[in-house]
Amino acid sequence: ENTSLFSSHRFHRIELASHQQQPLPTHKTTTAWSPPIITISTRRLHHIMMSNSHRIMTARRAIIHHYATSDVHLRRSLCSVPIRGSPTTFISRDGITNAHSSCNAINACSNINAIIRKKPHIKYTYINNTKRHYNFASSQYASAFTEIPTPDVDKIRKDAVEYLDGFDKKLWYDDPVCSILLGEKLTAPPSNLHTTQDSLSNPNGHQYFATPTQITSLLTHIQTYHSPYLDIRPQIRRMEHKLLYDHAGFLIGNQCLDFAKQDGVTEIEESIMANSVERKLNDGLLESEMEGKVVIERKPIFVSCVSNFTNFLDLFRKTLRSMELGIPCVVLGRSHTIQHSYRWTELLVDLMKEEGIDPGMLTYLSCQLDDIKHITASCTDQAGMLYTTCSRQLAKSIKSTYPNTVASTGGPNTLITTEWTKPVQDAIRMSASIECAGQCTALRHAVVPDTVQLSDIEDMFNDITHESSPVEALRHSSFDGVFPQHGGTSAPAFDGTAEYKKHAAKDAYFKVSNEFPSPANDEMEEYWRKVVVDFSNVVPTSSSQKQKAGDKVIELSRWLVRHQPISLAVNARRSHVFDLGRTLFENTSLVVTTIGSTDKEYAPPAMTCQARPQDAECFGEFPPRKAMGEYTKYPVIIPSSTPSYDTHYQVEYLQSLATDDLDCPPFVKDWLNDVSDSAVKGYCIELIRYLADATAENPKRGFGTGRTALWGLQRPPLLEGCRTLLRCGNKVTMDDLSPIFLLFYATNARSQVELSVDGIMNQQLLDSLVKHDLDNHIFKVVVETDDSMEHRVNVDSENFYNVVQVPASGGDVDRGIMRRFPAMPGQFASLYLPMGHIKSTMKNDEEFVKYFGESEKWLKMAW
């Protein structure tokens, strides 16, 4: 079928049980039963299929006649979609169908539905296959950072400039944005025609808002459409290749014109390289589905685009990576900067036609905001995840009406320096003004020496470059220009009574305080596309103030835990920066931390806007841990497999896992033996296996050549008194508690968790906990009522890194799929444990590797 699926020499054992010949035994059956066994190397299977395909197809037809099933393992074998233009054999209700054309291929694949909806009659025996390809920091995940292509950056830039030189501004007016349904554009009456705006509030085209009738059709399609595909990787990856190599200028140019992005070239460069990693992660996820372990949910997903990084994040990570595994995508229009996302969707539709892909797989909503809210809210049961990258305020609003929202959110990126040197000032200025403050890692907060005053900052911002247009910025390879007095977003107030001061000549705003920012509701205003920086001049410069300096570092650590920036940059003299950086690294939980210096050219100052996921400088926009559930269902780490965020375990697979197979100390097995549900126990076994694999080498070294990075799973902040509280209500059982608790109990984070148990109403759980080293104080248990717990948390709020209400069990199994826990143990762990990378700006920095590699912050097993 698909040769990429047979790339490794593995053995699988499948037990086939025909209900027409012998009844499938139940779990209570004690009579010995020996079904027919097929054990075959997949490499050998591939050879047989290629050399003797006719007899293989005949045999497969006979198998289907007897063993019609809905199990995904067999579905995968039967439902491969053909490469366009090549004759491919399909199994259909009536037998064999030869599909020579793309249209016939789709029809043939659709005909399988009558067979695959029947009850499963396959029993699996799982043999020594514990791969976790798509779980963050696993050994297989690390192996995905190989064979990375090298982009031709000069050609990419040349193509973008040529596209912009030939662009006709009338095009976006003459060919308005509109909804796309089943490959057709839904135009509307002139009364529904509106003018679109770019990110700087300049008019740049027309848009048709969908009519009520069209909205009904779009809604009906989303609610009723079922994907005919399980795997169309060859087609999608050919499309992807064309996008990256034939249409790169189109993607960069349109983004430049719509979002005013100055350096779209680097984003395409990153896409070419990081896409390679995420394709491998998708391959691993699909392999797990083929092996009968997991089920990938193939409901339509919503893609809410972010304009500044929409090529990599939305087009490739979310849309193409989902579609290639058979997941339909619905791209949501925007209130501004809508042209670019519409144009790449339009191009995708054309490429899908060339590949013969069902046009129902991709839909575009050109609707007013209230209509988009109505459509998404009406599809909570029929659709899958809604993926978005946006501000925290917007993410909170979206998730309040659509619970299955997976959001990447911003945060007040922070830089600290102990010296006010010219290179450090340049790093601050570039970090603040990158993409006219339009990149998610743009600097928002700078912690500087106590000698820095307003006049020093004014002088620093003198060097800001004002750009006349994003096109000109792209021509001369700029990335940190500012478009002065643009109307895209509002600037902070800067009159005589306001906090912020406006630079005399540049479009930049700043203030200085001897305290850390304390905004209302703990949410700092982003001022998107405006250079706005809060300066805290709190770093003591006197050598006699070491105690004060140490106190300020701890105070900053608590501030960072509370506000959770994406990125932290640390700068000091090389002789001091490791100590400062390690203290901040160990006492926070940031995904990106960068260590620079103020006195060594070979280790230049760190900026906040530095991360290359293709080099394992893993990146993510995590909300504050304690409030994460308000913003997103799961945090997103990049690289990762987007379809895995809506993938679930097969109960049968989890039930096949045995505690005796675990290589772990007795205290873990003793705990697992108190888990009564075999599927929950199986999931716990998967977690332990994952943790053991991911931490066998932790941290891991990054793959970049220009910087030196360490990455992996981490413990929660090591701040004194800082802990995670797990609240167990009166109905919580050992089964409910175990998956979360084992993340701590089985690792060196065990001293950082506290169990709060309703002892009056849940004596059974309390009795179980007593058995497991409670007297040795390996973990802390507090017996208290809900009111007592809430009062204690409120009084000592800053010392609780996370407060988790452990969910009581409910209807967790649906059609043999484990829905209580997600398929990715790494994804599950990300809800409770930090992850990410720390790097030095110096290449081949062995001193950095040794010093930070020995940090106690890295997660280890407790044995």
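Note: the structure precedes this text.
Summary of the structure given here. (Residues numbered from 1 in each chain as written. Predicted model: local features only at pLDDT ≥ 70, side-chain atom pairs only at ≥ 80, totals over all residues. Heavy atoms only, no water.)

1. Notes on the pairing of strand β15 (residues 405-409)
And step 1. Of all 5 residues that make up β15, 5 are buried, and the element is covered over most of its length.
And step 2. What you see with β15 is no split at all: T405, A407 and T409 on one side and V406 and S408 on the other are buried throughout.
And step 3. Two strands pair when backbone bridges link them, and strand β14 (residues 386-390) and β15 are joined in this way by 5 bridges, in the parallel orientation. Within β15, the position partnered with L386 by the bridge is T405. (Buried < 20%, exposed > 50% of the residue type's maximum accessible area, 1.4 Å probe, protein only. Helix = DSSP H or I, 4+ residues; strand = E, 2+ residues; numbered from the N terminus. Pairing = 2+ DSSP bridges.)

2. Some thoughts on the nonpolar core
The nonpolar side chains of soluble globular proteins are, as a tendency, buried together.
And step 1. Residues F136 and L737 are the most contacted members of the largest nonpolar core, which totals 140 residues.
And step 2. Examining the composition of this core, we find that 10 residues originate from one element, helix α25 (residues 678-696), more than from any other.
And step 3. In this view, F136 contacts Y141, C618, I637, Y690, A694, W711, G712, L713, M824, G826, M835 and G836; residues no more than four positions away in its chain are not counted.
And step 4. By size, the runner-up hydrophobic cluster in this structure holds 26 residues, among which are V539, V577, L710 and F852. (Core = buried A, V, L, I, M, F, W, Y, C linked by side-chain atoms within 4.5 Å. Contact = heavy atoms within 4.5 Å.)

3. Quick notes on helix α17 (residues 422-433)
And step 1. Taking 1.5 Å as the rise per residue, α17 with 12 residues should run 16 Å; its terminal C-alpha atoms sit 16 Å apart, in good agreement.
And step 2. Burial runs high along α17: 9 of the 12 residues are buried.
And step 3. All of the buried residues in α17 are V424, Q425, D426, A427, I428, R429, S431, A432 and S433.
And step 4. Those residues of α17 that are buried lie in contact with β16 (414-417), β17 (445-449), α18 (454-461) and β20 (531-539).
And step 5. Looking one or two residues beyond α17, the residue adopting positive phi is E435, at roughly 50 degrees. (Expected span 1.5 Å × (residues − 1).)

4. As for the packing of aromatic side chains
And step 1. Tallied over the full model, the rule gives 34 aromatic pairs.
And step 2. With a centroid separation of 5.3 Å and 50 degrees between ring planes, the pair formed by F585 and W858 is classed as tilted. In this pair, F585 sits in helix α21 (residues 574-586) while W858 sits in the segment after α30 (846-853), placing the two residues 273 residues apart along the sequence. Accessibility assignment for this pair places F585 and W858 in one class, buried.
And step 3. Ring geometry for F667 and W863: centres 6.3 Å apart, planes at 70 degrees, overall edge-to-face. Separated by 196 residues along the polypeptide, F667 in helix α24 (residues 666-673) and W863 in the segment after α30 bring together distant segments of the chain. (Phe/Tyr/Trp six-rings, centres within 6.5 Å; stacked < 30°, edge-to-face > 60°.)

5. Looking at the side chain of D358
And step 1. Position of D358 relative to the elements: it lies in the loop between α14 (339-355) and β13 (362-365).
And step 2. What makes D358 buried here is its relative accessible area of 16%.
And step 3. A distance of 3.1 Å separates a polar atom in the side chain of D358 from a polar atom in the side chain of Y225.
And step 4. Engagement of the side chain of D358 in a polar contact is seen with the backbone nitrogen of G360, the distance being 3.0 Å. (Polar contact = N/O pair within 3.5 Å; in protein donor to acceptor, adjacent residues only side chain to side chain.)

6. As for the environment of L725
And step 1. Within the secondary structure, L725 sits in strand β28 (residues 723-728).
And step 2. Contact partners of L725, with chain neighbours within four places excluded, come to E754, S756, M789, R792, V793, F800, N802, V803 and V804.

7. Let's talk about helix α26 (residues 734-745)
And step 1. Compared with the 16 Å implied by 1.5 Å per residue over 12 residues, the 13 Å span of α26 between its first and last C-alpha is markedly short.
And step 2. Of all 12 residues in α26, 12 are buried, a share of seventy percent or more.
And step 3. For α26, the full list of buried residues reads M734, D735, D736, L737, S738, P739, I740, F741, L742, L743, F744 and Y745.

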